[in-house]
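Here is how the chains run, residue by residue.
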Amino acid sequence: MIEESWGQVRNELLKSVGKNNFASWIEPLKLDTLENGIARFEVPTKFMRDWVSRNFAEQIRQHLTRVGAEVERVEFHVPTQRDAAPAKAEAKPNRASRNAPRAGDDAELPGAPLDARFTFDSFVVGKPNELAHAAARRVAEGGPVTFNPLFLYGGVGLGKTHLMHAVAHELQTRQPDLRVLYLSAEQFMYRFVQALREKEIMGFKEMFRSVDVLMVDDVQFIAGKESTQEEFFHTFNALVDQNKQIIISADRAPGEIKDLEERIKSRLQCGLVVDLHPTDYELRLGILQQKAEQYRGQYPALKLANGVLEFLAHRITTNVRVLEGALTRLFAFASLVGREITLDLAQDCLADILRASDRKVTIEEIQRKVAEHYNIRLSDMIGPKRVRTIARPRQVAMYLAKTLTTRSLPEIGRRFGGRDHTTIMHGIRKVEELKTTDSQLSEDLNMLRRLLEG
Ligand SMILES: Nc1ncnc2c1ncn2[C@@H]1O[C@H](COP(=O)(O)OP(=O)(O)OP(=O)(O)O)[C@@H](O)[C@H]1O
């Protein structure tokens, strides 16, 4: 009876939460007991327990009630180690598995938990990340090691961790016996220091040398930390010698990590180094569309007006994490106030994020756009010519540089061919004066400003 109800509910949930959510959050749930109005589920990790109870508990309860199981409350619990004892005896102790509880739950395990949401399916591929994605995919196939290490780098929130987790999930699915270890460089250091303190350094070395795939996130963290670097270097070499795959991520290219030993830098550069470029409009829109699809499952009653996702993709250019945060807030807010998600609502609800994400305009961009607009050469912006047809656009560019950037007058002067700050001041005053009487100029200024501010 329990099985039957849960089976029906799972089918309903698949429809309402969507394939991705279902695979990540519902599929791993095991209905334990259904008594006295309480449905008790087993979940593999604490992280999942918190997420599922926050986001899906009520839907699950409603669906269960709909199929005739009178449920007042839904509870989730992570099996204790004693519960899981038989499975654990068979499992390799240091494996980063998608289903097994990790570090937080079991102190022996050195790996960090994998986020069930970070899979290849949920990773949107676009021009800026296609190479990194292709390389990660290749490693995830688990074939012979062709490049070692795979070094992924890029700015904050561009998907490095997501890709690494995706590789780990995929490898674990294809080859469940593979010992895949994922951890941050900070955790590596922490484990190392702990091993030193507890005089367990041999155990530490053995454990790290016994993995099949090692993934270390945010390796820039060990820069400047001498003994950790030393140990990392030896671990790295030992694994490469055994032809074991290593994946490393950092916020910059190996050569640019300050205070990282040269020998490590050069080791890191030996394999394939790929960067995740800042997102472009299409990629941001793709990510938003995918997330919105998931939210539609979560908030089926909510309407999303046309143009909202495009607006967000256009305006929030910082990083994917901010983009996701904005969408989460928008859906939560709209469902709270029971309104359709329109452009107005988005502007109200996300005013702070939109303000912080306002594009930073550079003086070079201003000079280029102004030169294009007035059909003069870019070099004339910094050159000495004083004829009106060139001097006026140059003054317009000076004015825009002052009003659209935070640069000081001497700095602007330097960017305009080393002119003195008084010349810049004069140019700005001239434009301020003229724009009140010259409607063409004032129109030009408005148009240029719109163009530059995006
Ligand atoms: N291409 C993408 N498709 C879908 N989601 C993405 C993509 N890129 C990033 N994300 C999402 O953005 C968030 C941040 O990504 P992630 O944590 O992987 O960034 P990171 O590069 O490791 O950043 P940091 O250096 O700050 O740790 C995650 O929720 C991730 O799922």
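Looking up the chain in an unreviewed UniProt entry gives the name Chromosomal replication initiator protein DnaA, with the organism given as Defluviimonas salinarum. On record in UniProt, under Subunit (unreviewed entry), the comment for the chain is "Oligomerizes as a right-handed, spiral filament on DNA at oriC." In its Subcellular location (unreviewed entry) section, UniProt records this for the chain: "Cytoplasm".

Draft legend 1. A look at the nonpolar core. If you look at the biggest cluster of nonpolar residues, it comprises 30 residues, and the most contacted ones within it are Phe151, Phe208, Leu214, Val219, Phe232, Ile248 and Leu268. Where this core is concerned, the elements lending two or more residues are strand 4 (150–154), strand 5 (180–184), helix 8 (185–197), helix 9 (201–209), strand 6 (213–217), helix 10 (226–241), strand 7 (245–250) and helix 11 (262–268). Excluding anything up to four places from it in sequence, Val219 contacts Phe151, Ala185, Phe232, Ile248, Ser249, Ala250 and Ile257. Among the nonpolar cores identified, the runner-up in size contains 27 residues, and Leu152, Leu163, Leu171 and Val274 belong to it.

Draft legend 2. Focus on unusual backbone geometry. Cis rather than trans, the peptide bond between Asn148 and Pro149 has omega equal to 0°. Positionally, Pro149 belongs in the loop between helix 6 (130–140) and strand 4. You will see that Asp218, though not glycine, has its phi angle at about 55°, which is positive. Mapped onto the fold, Asp218 is located in the loop between strand 6 and helix 10. The class of Asp218 is partly exposed, set by a relative accessible area of 32%.

Draft legend 3. Just the packing of aromatic side chains, in detail. Summed over the entire model, instances satisfying the criterion amount to 12 aromatic pairs. Measuring from centroid to centroid gives 5.6 Å for Phe188 and Phe204, while their planes differ by 65°, and the two rings are edge-to-face. Here Phe204 lies in helix 9 and Phe188 lies in helix 8, a separation of 16 residues in the sequence. Here the two residues Phe188 and Phe204 agree in accessibility, since each one is buried. Residue placement shows Arg263 over the ring face of Phe233; its charged tip is 4.1 Å from the ring centre.

So, how was this worked out
- Residues numbered from 1 in each chain as written.
- Predicted model: local features only at pLDDT ≥ 70, side-chain atom pairs only at ≥ 80, totals over all residues.
- Heavy atoms only, no water.
- UniProt positions renumbered as here; feature names shortened; annotations may be inferred.
- Core = buried A, V, L, I, M, F, W, Y, C linked by side-chain atoms within 4.5 Å.
- Buried < 20%, exposed > 50% of the residue type's maximum accessible area, 1.4 Å probe, protein only.
- Helix = DSSP H or I, 4+ residues; strand = E, 2+ residues; numbered from the N terminus.
- Contact = heavy atoms within 4.5 Å.
- Phe/Tyr/Trp six-rings, centres within 6.5 Å; stacked < 30°, edge-to-face > 60°.
- Lys NZ or Arg CZ within 6 Å of the ring centre and 35° of its normal.

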